[in-house]
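Architecture at a glance
So the chains spell out like this:
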Amino acid sequence: MAENISQRYELRLRAHPRILADVRRAVAARLRLWGREELISAAGMCVTELLSNVHKHAASPECVLTLENLPHGIQAAVGDTESALPVVKEPDFLSESGRGMFLLSKTAHAWGTDLTPTGKTVWFTLHAEAVEP
């Protein structure tokens, strides 16, 4: 009998650098449960960047992280109360910050933003590698 594992995971949290390692562990555990081990590293980096942006740029650290298991991979999203959209800029690799959205844009298969009545959601998708028989 197949176990009914939810294909959606939601985590309400307060974005802060102290919690990033715990959030990466939670993301990794959920991706393992879904059999998406090959996406753990990329998903952890991208989620860390989105949560860091909430911490640095949003008036409130309150946010919601959502993961969805899709047929071709995963989608992750972070919703917050800030309406200002993230900007991808060519990074200054000598700077200590400002590279995150550039790295996310080069790592994720797709990403985008959606304005919501209470702020915005920034999302990305990662595709699982096709396994040849």
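Residues numbered from 1 in each chain as written. Predicted model: local features only at pLDDT ≥ 70, side-chain atom pairs only at ≥ 80, totals over all residues. Heavy atoms only, no water.

The protein chain is annotated in an unreviewed UniProt entry as Regulatory protein of Streptomyces malaysiensis.

Pairing is antiparallel in the open sheet, where five strands are placed in the order 1-2-3-5-4. Edge positions in the open sheet fall to strand 1 (8–14) and strand 4 (110–116), since each of these has one partner strand only. Taking the axes of each pair of neighbouring strands and ignoring which way they run, one obtains an average angle of 15° across the sheet. Note: strand 2 (residues 62–70) against strand 3 (residues 73–80), eight bridges, orientation antiparallel. Bridge pairing in strand 3 links Leu-67 to Ala-76. Contacts between helix 2 (residues 40–57) and the sheet are confined to strand 1, strand 2, strand 3 and strand 5 (119–127), with strand 5 contributing the most and set at about 170° to the helix. (Pairing = 2+ DSSP bridges. Helix = DSSP H or I, 4+ residues; strand = E, 2+ residues; numbered from the N terminus. Axes fitted to C-alpha atoms, helices over the stretch in contact; angles between N-to-C directions. Contact = heavy atoms within 4.5 Å.)

Attention now moves to helix 3 (residues 100–107). Every α-helix carries 3.6 residues per turn, so stepping three or four residues along brings you back to the same face. Restricting attention to buried positions, one finds in helix 3 the residues Gly-100, Met-101, Phe-102 and Leu-104. The inward-facing, buried residues of helix 3 contact helix 2, strand 4 and strand 5. (Buried < 20%, exposed > 50% of the residue type's maximum accessible area, 1.4 Å probe, protein only.)

Looking now at the nonpolar core. Val-27, Leu-31, Val-47, Leu-51, Leu-65 and Phe-124 are the most contacted members of the largest nonpolar core, which totals 30 residues. Those residues within four positions of Leu-65 in sequence are excluded, and the remaining contacts are Tyr-9, Glu-10, Leu-11, Leu-13, Val-23, Val-27, Val-47, Ala-77 and Val-78. (Core = buried A, V, L, I, M, F, W, Y, C linked by side-chain atoms within 4.5 Å.)

Looking now at the pattern of salt bridges. Scanning all chains against the criterion turns up five salt bridges. For the salt bridge of Arg-8 with Glu-10, the shortest nitrogen-to-oxygen distance reads 3.2 Å. Its relative accessible area of 42% is what places Arg-8 among the partly exposed residues. When its relative accessible area of 36% is taken as the criterion, Glu-10 is described as partly exposed. Across the pair Arg-14 and Glu-62 runs a salt bridge whose closest N-O atoms are separated by 2.3 Å. Here Arg-14 is found in strand 1, whereas its partner Glu-62 is found in strand 2, with 48 residues between them in sequence. According to the relative accessible area criterion, Arg-14 is exposed, its value standing at 51%. (Salt bridge = Lys/Arg side-chain N within 4 Å of Asp/Glu carboxyl O.)

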